[in-house]
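A closer look at the structure
Letter by letter, the chains look like this.
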Amino acid sequence: MRVLLVGAGGVGTAVTRIAARRPFFDLMVVADYDPARAEAAVTAVGDDRFRAERVDAGDEAAVAALLARHGCDVLLNATDPRFVMPLFRAARKAGADYLDMAMSLSRPHPERPHEECGVKLGDEQFALAGEWEQTGALALVGMGVEPGLSDVFARYAADELFDEIEEIGIRDGANLTVDGYDFAPSFSIWTTIEECLNPPVVYERERGWFTTAPFSEPEVFDFPDGIGPVECVNVEHEEVLLVPRWVDARRVTFKYGLGREFIETLKTLHLLGLDRTAPVTVPGPDGPVAVSPRDVVAASLPDPATLGERMRGKTCAGTWVRGLKDGREREVYLYHVVDNQWSMAEYGCQAVVWQTALNPVVALELLATGAWSGSGVLGPEAFPARPFLDLLTEYGSPWGLREQ
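Residues numbered from 1 in each chain as written. Predicted model: local features only at pLDDT ≥ 70, side-chain atom pairs only at ≥ 80, totals over all residues. Heavy atoms only, no water.

Moving on, we come to the packing of helix α8 (residues 189-197) against helix α10 (residues 260-271). Where α8 contacts α10, the axes come no closer than 11 Å and their chain directions differ by 90 degrees. One finds that α8 runs roughly perpendicular with respect to α10. Where α8 approaches α10, its residues Thr192, Ile193, Cys196 and Leu197 are matched on the opposing element by Phe262, Leu266, Leu269 and His270. When its residues are assigned to classes, the contact of α8 with α10 shows 6 nonpolar, 2 polar and no charged. (Axes fitted to C-alpha atoms, helices over the stretch in contact; angles between N-to-C directions. Helix = DSSP H or I, 4+ residues; strand = E, 2+ residues; numbered from the N terminus. Parallel < 35°, antiparallel > 145°, perpendicular 65-115°, else oblique. Contact = heavy atoms within 4.5 Å. Nonpolar A, V, L, I, M, F, W, Y, C, P; charged D, E, K, R; others polar.)

Written out as structure tokens, the structure reads:
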């Protein structure tokens, strides 16, 4: 397998460090708009299977040419969601398979944003599914940790733990702190603003997909491995759009443990218009300059990938499921916990970006060995779960199951 990895930020760098320990690929080209970042990621692994290149993720022709020049079989997208569609189309143009960790962006309903869906996450990609299927190419979308591993858990629950599923709820929580910062997100603030301030989507079999208000339906969820109770709220996320396509459940939700202070900060950014992506014109030393308010916020905060040494605690991603097994009610939580102290010592990567990066590497190995195969635009639920979970454990990062 020959891989083009686009994006050498925190997650992309973690991908290289995880993949370097595995033998399933022959080449991984690490490409970034900033060639220094790509070079740094490659130099750090000290493995001649890796090469650094410069590419603009928004330039479809340049990405397709890079895929062709290196004879890459697959493109792994480790950029932010703005670049999903250019990279998705570039892979299709070059005849390569494609993986991402977040899907094409949504757009709220223009009149009823908190009741009805507008353009949903992934709609642009699924609209092109026929083209991928006709040529036998695969676009595996939403293959990070959430979405990604959480979806694998949903498929595992459906196949092996339940006869009927009433509800699947993705529940994400952590007890991470960052020394020296009052506000320092552990993941891309650009992506965090996007998913947290957009109307959350809920799925119900009788209604289909519908939306609600941001941060709605708060609940306290008790997370394992010493994390403990965390208040979780509805957030827009890909699992709600993916799981019902392949797993039969009456209701699907996603709730994120953000914390009251984090929620109030996001609300303030929205109130001030600092969550907007459209440029505004501001004075500059050489005349007016057009800048995106959200890009300014992101540039003003520390890079999450650099916070590992200051971070303490654990992060948990998981899937809560309730339903019937052998005529009896059952409720479980399938989960994956990463301790930041461990990920820093073992890989030099902070826990959240390492946990995100781990899962596409596992998926790439399954595709390389033929344990997973398919064509079209597919989510993680479209594949058997057991090979993924077994390989995850082989990577030295086991998962857990708790009866509720």
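The structure having been displayed, the exposition proceeds.
Between Glu146 and the following residue, Pro147, the backbone shows a cis peptide bond with an omega angle of 0 degrees. Tracing the backbone shows Pro147 in the loop between β6 (138-140) and α7 (149-161). A positive phi is found at Phe215, a non-glycine position, where the angle reads about 65 degrees. Along the chain, the position of Phe215 falls in the loop between β10 (208-211) and β11 (219-223). Even without a glycine there, the phi angle at Asp225 is positive, about 55 degrees.

The next subject is the packing of aromatic side chains. A complete count under the given rule lists 20 aromatic pairs for this structure. Considering the side-chain rings of Phe183 and Phe262, the 5.2 Å spacing of their centres and the 40 degrees angle between planes classify their relative orientation as tilted. In this pair, Phe183 is assigned in the loop between β8 (177-178) and α8 and Phe262 in helix α10, connecting sequence segments 79 residues apart. Note on Phe254 and Tyr256: the rings are 6.2 Å apart at their centroids and 70 degrees apart in plane angle, and the pair reads as edge-to-face. Tyr256 shares its class with Phe254; the two are buried. By way of ring pairs, the aromatic residues Phe221, Phe223, Tyr333 and Tyr335 are connected into one cluster. The aromatic ring of Tyr33 is capped on one face by Arg54, whose charged end is 4.4 Å from the ring centroid. (Phe/Tyr/Trp six-rings, centres within 6.5 Å; stacked < 30°, edge-to-face > 60°. Buried < 20%, exposed > 50% of the residue type's maximum accessible area, 1.4 Å probe, protein only. Lys NZ or Arg CZ within 6 Å of the ring centre and 35° of its normal.)

Along the polypeptide, Tyr98 turns up in strand β5 (residues 97-100). Reaching out from Tyr98, the side chain makes a polar contact with the side chain of Asp100 at a distance of 2.8 Å. (Polar contact = N/O pair within 3.5 Å; in protein donor to acceptor, adjacent residues only side chain to side chain.)

With that settled, the discussion passes to helix α1 (residues 10-19). Note that an α-helix has 3.6 residues per turn; residues three or four places apart therefore point the same way. In terms of residue burial, α1 counts as a mostly covered element, since 9 of its 10 residues are buried. Burial in α1 covers these residues: Gly10, Val11, Gly12, Thr13, Ala14, Val15, Thr16, Ile18 and Ala19.

As for its placement among the helices and strands, Thr212 is situated in the loop between β10 and β11. Classification of Thr212 as buried rests on a relative accessible area of 16%. There is a polar contact of 3.2 Å between the side chain of Thr212 and the side chain of Ser216. Not counting residues within four places of it along the chain, the set of residues in contact with Thr212 comprises His114, Pro199, Pro200, Val202 and Asn234.

Here we take up the pairing of strand β4 (residues 74-77). Along β4, one buried face is formed by Val74 and Leu76 and the opposite face, lined by Leu75 and Asn77, is buried too. Looking at chain direction, strand β1 (residues 2-6) and β4 are connected through 4 bridges and run parallel. Along β4, the bridge assignment pairs Val3 with Val74. Strand direction decides the pairing type here: β4 and β5, joined by 4 bridges, are parallel. (Pairing = 2+ DSSP bridges.)

Such coordinate-based values are descriptive only and should not be taken to indicate function.
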